[in-house]
Amino acid sequence: MTRFVIRRVLWLLLVLLVVSFITFALMHLVPGGPWSREKALAPAVVAALNARYGLDKPFFVQYGNFLMGILHGNLGISYTYQNRSVTQILMQGFPKTAILGTTAFVFAMIVGIALGMAAALRQNTWIDYVCVMFSTVFASVPGFVLGILLMIVFSVILHWFPTGGWGSPSQVVMPAIALAALPAAFIARITRASTLETMRQDYVRTARSKGLLERVVLIRHILRNSLIPVVTVAGPQFAALVTGSVIVETIFSIPGIGRLFVEAVFARDYGLIMGTVLFYSFVISIANLVVDILYGVIDPRIRYD
Amino acid sequence: MATTVNAANSSVRPHHTLWGDAWVRLRRNKLAMAGGIFIILLTLAAIFAPLITPYGFAHQDLTAILQNPSSKHWLGTDGLGRDVFARLLYGARTSLAVGIFTQVIVLGIGLPIGAIAGYAGGRVDNILMRFVDVMYSFPDILLIILIKAILGGGIYQLFFAIGLVAWVDIARLVRGQMMSVKSRDFVAAARAMGGMGPYITERHLLPNSLGPIIVSVTFNVPRAIFTEAALSFIGIGVRPPTPSWGSMISDGYAVIFASWYQVFFPALAIALLMIAFTFLGDGLRDALDPKLRH
Amino acid sequence: MAPLLEVRNLKTYFYTQDGVVKAVDGVSYDVNRGETIALVGESGCGKTVSALSILRLVAEPAGKIISGEMLFDGIDLLKLSKDDMRKMRGAKISIIFQEPLTSLNPVLTIGRQISEGLEFHKNMSISEGMEQATRLLKMVGIPHPERRVNDYPHQFSGGMRQRAMIAIAIACQPQLIIADEPTTVVDVTIQAQLLELIRNITKELNTSLILITHNLGIVARYAQRVFVMYAGNIVEHGKALDVYHSPLHPYTAGLLGSVPRLDEPRKARLQPIEGQPPDLIALPAGCSFQARCAYSIPQCLREKPVLTEIAPNHFAACWVSQKGLRTWQNQ
């Protein structure tokens, strides 16, 4: 098992390396440098700025410097907020994004699994029907669109929630629901299908033939096996949630990393762009790693690979 | 418990091809049919927009701003006096175009890569799949935004940016199909008869994998549509004067408290279109599933 | 002494879109203490369903036990509450399923799956249960049981999995074990070993055994009495040797004729039974076997035969046999 984890961690580092390289290369392909503003700066000023930030060096030297910087925990300097480092800026935005993301993810998993299992266990009853309708509809509408609709109904019309900003719990509700709805619906569908499949398995019949309580059969035999495919999709769902938060933060004016990224792209802020992309990739990769490990814990068949 | 069939009195079911059988099953699925009809109607409305509405997408009437729906402006007007209904129809053109053309690129890149990886196997497959893994670790919206920022420009660059990131799923799918077909007995038989790569691909691989590919494309289209809307909302997608539901939303966002109609209708349109595609995709998936055949 | 299990006129039907499947249509048999009976028939004749009915494990809502009595030690199982029935399962009556691979939970250790029943019925703790599981694994002949008890099903071979299933079945020392085609999925050498194992264990624990099989070759050696099932009914039963040597029903005769035998000349051809079993939704009016029977008389078409004692302690449901018009050979 430890070998498995070590291999995956090494792979993660390699992936991050490749991601950083691709992003770095892409950044340098964006037309107009980091200094192009509405009013063009004098060439001498541009040259001086470039020299100051080491942007006049050859590409691979820049990349090398950047990697060295990362090893020291330094993700570079932001070009728009020149007196703060990228790391500082990210750390400011991180808590908001983290709270939003975690709330949404936990909500999605709990609601999705509960709904899916309930539907499977009460197949062909109204619970099942509602769950299937719900999950099909909400699995199609992404956070961005749902967020807008929620905002219209609950902020503009009903005045129950504020339209955005950050600081009080009521401001988390709508963005979290908007973000969580799609993953929840998707997970509900998978859970339902998986549970139905598991319920039909022979070993469930064996468990009953031993005279076990139905509750025990449910938890020990059905639940654990049904969750295997769900865990598999948890990783990509988390990744989708992370990327979805970029737009949702923009709509609800949440000062998190997603909004920072959007602003950074407009401002051609190389440093900040690199930092956010790397950060997101890191988070996604960690999530995938956790999911892989969890999968090994739940399903002993793949542990001995 | 299975019933055992008495050979003397069992009836032989009429023989259906996979496609014929699939069509029958699809027809029976009301949600999928509803979705399909909605899409077709919207497409027709988008194509024939000039015949349906007298207003253009950018036609401003500053004497009639922020009006509620009326007989003159069916869905009201926005902050610059533009007719919302007209903008919705023309915006549909963009959305549908994005949906379709990105898939062309997705298939153009994903099919060959997946087929090569699956067919060649070994190291080639290994390298390609590692690359796919890396792509999966990228937050895809961010990558699309970056690529679009590099390419600049408008709708064509957008097709490319979205397609360049979205081919991964199809490649994986085709690779999987290729690998499972490759190992099946009838392929060995075909090879033994002298059939070569392209023959096998054409006769065996394609018919088998066409189903899942169709389903995958049906689910990819709404994702592309949504991505365009999101990007246009931020300001990186298509540029005015090209109509877009996303830019309608961002335009109306500023005046959301004054009149929420402009934001509501495009958002609703996106939602409905995506739901329609999902219903259709689900229906196609069930219809084409060989395990559910009679 | 009263039999341990008496099944009287059991009817289990399945309600499907195509109609009502009469899987078990008035079946009666009994098992004495310490006795092994064989329930024989081809696939689809209802023997597995009748076994599942005893444990009330028939899949609802499609399947339902319509009527009948199942007296276990004097108690009618059909009248028990769900909780009481649960206490019976695994503790007093247990079952060994046919497919050991799919019948074992892939994410639990073998040991845990054995000890589950002990935890529930005998109130053992998990560690006590695992200890006992180790002992049980040894009893069923699995080498290195202390290690194997922590392994998962996918780490066992097919034969070993079936031994593990046996261990699960005997864990709480039930009075009756039902073995549903326990050797169909393993190869012939393992078959013999498993059957010997089952026989030794049932002897040692004085357990009654219902051996369900379509393989007539094993019946004579392991069972004292035989019940032959066809299309949801018992068509013949009696002492194993009696049935074997002088079958009173043409179906039994056909089954015996289609089994290769060591004491027959090699050139003798196997005689399969012509035709197919009937559709259990649309059973014919007279004898269910009539369509495939070479010996039928007009009465067979009109009336369904009833089980009658034709020879001492040897029953058959066949008009031809009843009238003494038997022309098929003795074995």
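In the block above lies the structure referred to throughout.
Residues numbered from 1 in each chain as written. Chains lettered and ligands numbered in written order. Predicted model: local features only at pLDDT ≥ 70, side-chain atom pairs only at ≥ 80, totals over all residues.

Student: Would you explain the overall build of chain A in this entry?
Tutor: Helix and strand counts for chain A stand at eleven helices and zero strands. The order of α-helices and β-strands along chain A, N terminus first, is α-α-α-α-α-α-α-α-α-α-α. In chain A, buried positions account for 43% of the 305 residues. Taking as baseline every contact in chain A between residues at least 6 positions apart, the subset at least 24 positions apart corresponds to 75%. (Helix = DSSP H or I, 4+ residues; strand = E, 2+ residues; numbered from the N terminus. Buried ≥ 20, exposed ≤ 12 C-beta atoms within 10 Å, placed from the backbone. Contact = placed C-beta atoms within 7 Å.)

Student: I keep staring at the pairing of strand 9 (residues 225-230) of chain C and nothing clicks. Help me out?
Tutor: The side chains of a regular strand alternate, first on one face of the sheet and then on the other. All names here are of chain C. Within strand 9, six of the six residues are buried, leaving the element largely enclosed by the surrounding structure. The pairing of strand 9 with strand 10 (residues 233-239) spans six bridges and is classified as antiparallel. In the strand pairing of strand 10, Val226 is matched with Gly238. Connecting the antiparallel pair strand 9 and strand 10 is a turn made up of two residues, with Ala231 showing a positive phi of about 50 degrees. (Pairing = 2+ DSSP bridges.)

Student: What am I meant to see in the interface of chain A and chain C here?
Tutor: Size of an interface: often given as the accessible area lost when the parts come together. If you look at the interface, chain A gives 17 residues, while chain C gives 24 residues. Elements represented by at least two residues in the side of chain A that touches chain C include exactly helix 8 (202-209) and helix 9 (214-251) of chain A. Residue contributions to the side of chain A that touches chain C peak at six residues, all from helix 8 of chain A. For the side of chain A that touches chain C, the per-class residue count stands at four nonpolar, six polar and seven charged. (Nonpolar A, V, L, I, M, F, W, Y, C, P; charged D, E, K, R; others polar.)

Student: When you look at the nonpolar core in this model, what are you seeing that I'm missing?
Tutor: Soluble globular proteins tend to bury their nonpolar side chains together. Of all hydrophobic cores here, the largest spans 148 residues; its most connected members are Val141(A), Ala181(A), Ile187(A), Leu142(B), Ile145(B), Ile270(B) and Met274(B). Top contributing element to this core by residue count: helix 11 (residues 261-288) of chain B, with 18 residues. Ignoring sequence-local partners within four residues, the contact set of Ala181(A) consists of Phe138(A), Val141(A) and Leu146(A). In terms of nonpolar packing, the next biggest core, distinct from the first, is built from 91 residues, Ala169(C), Phe227(C), Tyr230(C) and Ile234(C) among them. (Core = buried A, V, L, I, M, F, W, Y, C linked by C-beta atoms within 7 Å.)

Student: I would appreciate a short explanation of the sheet that holds strand 1 (residues 5-16) of chain C in the present structure.
Tutor: The strands making up a sheet associate through hydrogen bonds between their backbones, and the pairing can be parallel or antiparallel. All names here are of chain C. With respect to topology, four strands assemble into an open sheet ordered 2-1-4-5, the strand pairing being antiparallel. In this open sheet, the two edge strands, each paired with only one partner strand, are strand 2 (19-31) and strand 5 (75-76). Here strand 1 runs beside strand 2; their pairing, made up of ten bridges, is antiparallel. Its bridge partner being in strand 2, Thr16 is matched across the sheet by Gly19. Packing against the sheet, helix 1 (residues 47-54) makes contact with strand 1, strand 2 and strand 4 (63-72), and its axis sits at approximately 110 degrees to strand 1. (Axes fitted to C-alpha atoms, helices over the stretch in contact; angles between N-to-C directions.)

Student: Looking at this structure, how should I read the sheet that holds strand 6 (residues 93-96) of chain C?
Tutor: All names here are of chain C. Read from one edge to the other, the open sheet built from eight strands follows the order 6-7-8-3-9-10-12-11, with strand pairing classed as mixed. Only two strands of the sheet have a single neighbouring strand rather than two, namely strand 6 and strand 11 (308-311). Taking each pair of neighbouring strands and ignoring which way they run, the sheet shows an average axis angle of 25 degrees.

Student: It is not clear to me how the pairing of strand 8 (residues 208-213) of chain C should be interpreted in this structure. Could you clarify?
Tutor: Residue and element names in this part refer to chain C. In terms of residue burial, strand 8 counts as a mostly covered element, since six of its six residues are buried. Covered by surrounding structure in strand 8 are Ser208, Ile210 and Ile212 together with Leu209, Leu211 and Thr213, the residues of both alternating faces. Two elements, strand 7 (residues 176-180) and strand 8, share five bridges in a ladder whose sense is parallel. By the bridge assignment for strand 8, Asp180 is matched with Ile212.

Student: Mind showing me how you'd approach the environment of Pro277(C) here?
Tutor: Looking at the element boundaries, Pro277(C) is found in the loop between helix 10 (250-257) and helix 11 (298-302). Counting along the chain gives 189 residues from Pro277(C) to Met88(C), while the straight-line C-alpha distance between them is 34 Å.

Student: Whenever I open this one, the environment of Leu273(B) confuses me. Can you help?
Tutor: Residue and element names in this part refer to chain B. When you line up the elements, Leu273 lands in helix 11. For the pair formed by Leu273 and Gly211, sequence separation is 62 residues and the distance between their alpha carbons is 22 Å. Filtering out sequence-adjacent residues up to four positions away, Leu273 remains in contact with Leu42, Ser95, Pro222 and Ile225.

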